[in-house]
Every structure is written in structure tokens, then in C-alpha cells.
Amino acid sequence: MTLPTSNAYFARVAEQWDELRSGYFTEQVRDAAIAKANFPANAIVADIGAGTGFVAAGLAPRAARVLGFDASAEMLVVAQRNLAAFPNVELREAPGNRLPLPTATLDGVFANMYLHHAPDPAGAITEMARVLKPGGVLCLTDLDTHDHEWQREQMADLWLGFERDDIRRWFTEAGLSAIDVDCAEGTCNACGPEGTVEPLSIFVALGRKV
Ligand SMILES: C[S@@+](CC[C@H](N)C(=O)[O-])C[C@H]1O[C@@H](n2cnc3c(N)ncnc32)[C@H](O)[C@@H]1O
């Protein structure tokens, strides 16, 4: 069996992603996590693995500037369209482990469902922490560990979720403090090969750059 690469998968589903995503998780999960991150009102924030702009659309009304980065040109074409009403959003194609930003430039970084596509999740967290100013906040929402092997083939997932202790350790190693990893306000409801939905739990991880 050849597993799809993340890039090939998202190129294929870009035009359907908004509909697919709305079945997986809701605005409530996003908005509760954004509220918990509590970025300052005039913040410059990044959305990593921005996809079609779901998170950026939630951040834009609350932030001074939102910089969205994604490895998929096709997803960003849809994001550009979805986010046309927000002049404070800038989108750029870039890999999450090499963000085209100087060190210590952002007040906040958010990444929803990006980490389980990252080949080196610890390195991805280090890179997100690198671009935060001292006092800046990293907020990740992603899946707790699960056993849906089919998601590797069907959704190009590299990791079947994460142990919260690993997230806490990677945040610490990346120079973050005040770490809090807790349940999100909702689940991920992907439909499996049998046509049944088995909800997966989602965590919200927060850390502040020392
Ligand atoms: C599950 S989607 C989530 C999209 C969006 N955050 C949302 O909540 O709808 C994962 C996104 O991460 C992007 N991605 C995957 N691997 C990446 C990488 N190494 N660097 C940057 N983006 C990546 C994909 O192209 C895709 O848009």
C-alpha cells in the first residue's frame, strides 16, 4: 500500500476541504481555543498549516495582522478566496518547519490539525516557538492518540494523534512555560471506512515563550 503524501492529498481535496472540515470539527472548537489563547487585541499572529483559512477567519477580527502559512498552494488558493474580506490577512506558501520569518517577531502562533501532518512534530513546535516574541503564546489544537489506522491512507495523517505528555515535553524543550494541555470543546468526527463516525478527542495546548 502506498500512502498519500500530505501535499498530494490536500491538492486533491482543496476545493472540498471546507465541506469535509465542517463535518470533522466545528467553529465552536476553534473559537473556544482562540478565546483560551487570549492573544492581545493588537496582536500579530500566525496560523500554521492554515489550509483554506478556517482558523485565520476566526483570528482576523481579533488581531491586527494574521500571517497564514501552508505547504499546499491549492489550499491557499481557496484560503485567498475565503479570506478576501479580511485585509489584515496575508497568506504565504511555506513549510511549517522553515517559516520565512525572523526570530521573535510574533505575539501569537496558532495551528489547528497541522501537527499530525508534520514529519518532525517536536521540530515543528521548536520552529513555531522560535518566531514568538518573549511572552508570545503558542496555541495548538490537535488529536489525542487514537487507533484509526485508516486515517493514514484516507486523510494522509502521519501521526495517529499525540500523547499529551509528549506535547508538554516538546513545549518545554522549545522554551515555553505556563504550559497547559487540556480537552478542547468538541471532538473530531471523521467518518471511517465502515461508514460509522467514532469521535476522537481533541486537545488544546498552550505555552508562553519565556
Ligand atoms: C488538516 S488540514 C488543517 C487546515 C486548517 N488548519 C483547518 O483547520 O482547516 C492540515 C493543513 O496542514 C498543511 N500542512 C501539512 N503539512 C504541512 C507542512 N509540513 N508545512 C506546512 N503546512 C502543512 C496542509 O496542506 C493542510 O492545509
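These figures come from a predicted structure and were not determined experimentally.

Parameters and conventions
- Residues numbered from 1 in each chain as written.
- Predicted model: local features only at pLDDT ≥ 70, side-chain atom pairs only at ≥ 80, totals over all residues.
- Heavy atoms only, no water.
- Helix = DSSP H or I, 4+ residues; strand = E, 2+ residues; numbered from the N terminus.
- Buried < 20%, exposed > 50% of the residue type's maximum accessible area, 1.4 Å probe, protein only.
- Near = heavy atom within 4 Å.
- Polar contact = N/O pair within 3.5 Å; in protein donor to acceptor, adjacent residues only side chain to side chain.
- Areas by Shrake-Rupley, 256 points an atom, 1.4 Å probe, with all protein chains shown as cover.
- Nonpolar A, V, L, I, M, F, W, Y, C, P; charged D, E, K, R; others polar.
- Contact = heavy atoms within 4.5 Å.
- Axes fitted to C-alpha atoms, helices over the stretch in contact; angles between N-to-C directions.
- Parallel < 35°, antiparallel > 145°, perpendicular 65-115°, else oblique.

Backbone geometry at Ala-104 places phi at a positive 60°, although glycine is not the residue there. The topology assignment puts Ala-104 in the loop between strand 3 (89–93) and strand 4 (106–112). We classify Ala-104 as partly exposed; its relative accessible area is 33%. For Ala-156, which is not glycine, the phi dihedral falls at a positive 60°. One can find Ala-156 in the loop between helix 7 (150–155) and helix 8 (164–173). A relative accessible area of 4% means that Ala-156 is categorised as buried.

Turning our attention to the site of the ligand. With respect to spatial proximity, 20 residues lie near the ligand, and among them Trp-17, Gly-49, Asp-70, Gly-96 and Asn-112 are the closest. One of the side-chain N or O atoms of Asp-70 is found 2.7 Å from an oxygen atom in the ligand. Computed on the free molecule, the ligand has an accessible area of 590 Å², of which 95% lies beneath the protein chains in the complex. Residue assignment for the shell around the ligand shows that the elements contributing at least two residues are helix 1 (6–13) and helix 2 (17–24). Its residues assigned to classes, the shell around the ligand shows 11 nonpolar, seven polar and two charged.

Next up on the list: helix 6 (residues 121–130). Among the residues making up helix 6, those that are buried are Pro-121, Ala-124, Ile-125, Glu-127, Met-128 and Ala-129. On its buried face, helix 6 sits against strand 1 (44–48), strand 4, strand 5 (132–143), helix 8, strand 6 (176–188) and strand 7 (200–209).

Take the packing of helix 1 against helix 2 next. It is at 9 Å that the axes of helix 1 and helix 2 come closest, and there the two elements cross at 105°. Relative to helix 2, helix 1 is oriented roughly perpendicular. The segment helix 1 lies against helix 2, with Tyr-9, Phe-10 and Val-13 engaging Trp-17, Leu-20 and Tyr-24. Taken together, the residues that form the contact of helix 1 with helix 2 break down as six nonpolar, no polar and no charged.

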